[in-house]
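Coordinate analysis (summary)
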Amino acid sequence: MEKLIQITSGRGPLECQWVVARVLKAFLEEAKHNTIEYEIIHRENGDENLTLKSVTLLLKGKDLSLFLKSWLGSVCWIGKSTFRKLHKRSNWFIGIFELENVKMTDFHEKDIRFQTVRSQGSGGQNVNKVNTAVRATHIPTNETVFVQDSRSQLENKKRSVIRLKEKVMAVYIQQLERKLKETWSMQMQVERGNPVRTFSGTDFKKNYEDKTFKKRRNALKNELKNYRNDVN
């Protein structure tokens, strides 16, 4: 099973971008613990170091739906801004959404057309003498890269595959992000008041959630005891 997930600050301020980076770390640690494979498809850096505006992940695993049940929606961090210490706000929200009904772009090396050409510019004795540079074209999308980093044709070919994949996926992600931005405001307005997860403090500690009925049961017992005392 595969799912495409985006963790995003939406139109949130710098503090939300910081939260995205911290949530990403917690998310990947938990995914690894649950033997879920992941690949970072795209990331948009934030306005300061160690911040992210958004990150898109491809997840692979057997129990993805169960794992994501406790993640999808809005996530809240409770704490004072480290960027604006006098800011009164203490609740910061980001969103984690599944990009549904979206077909992943398949990228296979067999769909690449390679062309070896002579390197351009200065670069040693091989320049303009030996065809060491590589032009790679992804036939389905017609995206192209030109690589002449190394004097080795084989090394340039390997690098061209990596860069071409990044280029193809970047175009694909841009299309996904345009779609996500159309629904971002509506999704956050609905889910902002009911976060699926809450973290707090600069150490980003997950708030304890009592999933048992012990606390509620004890409260009911006390209410019943008080009621009996009032009756007597």
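Note that the structure is predicted; figures quoted are calculated from it, not measured. The residue numbering used here restarts from 1 in each chain and proceeds along that chain's sequence as written. Predicted model: local features are reported for residues with pLDDT of at least 70 only, side-chain atom pairs are reported and counted for 80 or more only, and whole-chain, interface and lining totals are derived from all residues. Here the side-chain values reflect all heavy atoms present in the structure, with hydrogen atoms and water set aside.

Glancing now at the confidence of the model for the chain. Per residue, pLDDT captures the predictor's confidence, and it can take any value from 0 to 100. Looking at the chain, pLDDT values average 80 and 75% of them are 70 or higher. The least confident element of the chain, judged by mean pLDDT, is helix α4 (residues 214-231) at 59; the most confident is helix α1 (residues 14-33) at 94. For helices the rule is a DSSP run of H or I covering at least 4 residues; for strands it is a run of E covering at least 2, with both sets numbered from the N terminus onward.

Turning our attention to the pairing of strand β1 (residues 2-8). With a 1.4 Å probe rolled over the protein chains alone, any residue whose accessible area is under 20% of its type maximum counts as buried; one over 50% counts as exposed, and the rest are partly exposed. Most of β1 sits inside the fold, with six of its seven residues counted as buried. Note: two strands are recorded as paired if DSSP finds a minimum of 2 bridges between them. Taken together, the seven bridges between β1 and strand β3 (residues 52-60) define a ladder with antiparallel strand orientation. When the bridges of β3 are listed, Gln6 appears paired with Thr56. Across four bridges, the pairing between β1 and strand β5 (residues 91-98) is antiparallel. Within the sheet, the bridge partner assigned to Gln6 lies in β5 and is Phe97.

Pairing of aromatic rings covers Phe, Tyr and the six-membered ring of Trp, with a centre-to-centre limit of 6.5 Å; geometry is then stacked below 30 degrees between planes, edge-to-face above 60, and tilted otherwise. Throughout the structure, instances matching the rule amount to four aromatic pairs. Centroid distance Phe27 to Trp71: 5.1 Å. Interplanar angle 70 degrees. Geometry classified as edge-to-face. Placement of the pair is Phe27 in helix α1 and Trp71 in the loop between α2 (64-69) and β4 (73-78), with a sequence separation of 44 residues. Like Trp71, Phe27 is buried. Following the ring pairs from residue to residue traces out a cluster consisting of Phe27, Phe67, Trp71 and Phe199. Charge-over-ring contacts are defined here by two conditions on Lys NZ or Arg CZ: a distance within 6 Å of the ring centre and an angle within 35 degrees of the ring normal. The ring of Phe114 carries Lys157 above its face, with NZ or CZ at 4.6 Å from the centroid.

Further remarks concern the nonpolar core. Residues enter a nonpolar core if they are buried and are Ala, Val, Leu, Ile, Met, Phe, Trp, Tyr or Cys, with the set joined through side-chain atoms within 4.5 Å. In this structure, Ile7, Val23 and Phe27 are the most contacted members of the largest nonpolar core, which totals 29 residues. Put simply, the parts of the chain that give this core at least two residues each are β1, α1, β3, α2, β4 and β5. Counting residues in each nonpolar core, the second largest holds eight residues, with Leu4, Ile41, Leu99 and Ile173 among its members.

Another aspect to go through is the environment of Val75. As for its placement among the helices and strands, Val75 is situated in strand β4. For Val75, a relative accessible area of 1% corresponds to the buried category. When the C-alpha atoms of Val75 and Phe199 are compared, they prove to be 8.0 Å apart, with 124 residues separating the residues in sequence.

Pairing is antiparallel in the open sheet, where three strands are placed in the order β6-β7-β8. Whereas interior strands pair on both sides, the edge strands pair on one side only; in this sheet they are β6 (112-117) and β8 (143-147). Neighbouring strand axes in the sheet, compared pairwise and without regard to direction, differ in orientation by 15 degrees on average. Of the strand pairs in this sheet, strand β7 (residues 133-138) and β8 are connected by five bridges, and their pairing is antiparallel. Residue Val134 lies in a different strand from β8, and its bridge partner there is Val147. Axis lines are fitted to C-alpha atoms, over the contacting stretch for helices. Their N-to-C directions set the angle, which ranges from 0 to 180 degrees.

We now examine the pattern of salt bridges. Every case where a carboxyl oxygen of Asp or Glu lies within 4 Å of a side-chain nitrogen of Lys or Arg is listed as a salt bridge. Scanning the entire structure with this criterion turns up 10 salt bridges. Between Asp47 and Lys53 there is a salt bridge, and its shortest N-O distance comes to 3.5 Å. Residue Asp47 is classed as exposed on the basis of its relative accessible area, which comes to 53%. For Lys53, a relative accessible area of 26% corresponds to the partly exposed category.

Phi at Thr35 takes a positive value of approximately 55 degrees, unusual for a residue other than glycine. Inspection of the secondary structure puts Thr35 in the loop between α1 and β2 (37-45). The phi torsion at Leu50 lies on the positive side, around 65 degrees, for a residue other than glycine. Locating Leu50 in the fold gives a position in the loop between β2 and β3.

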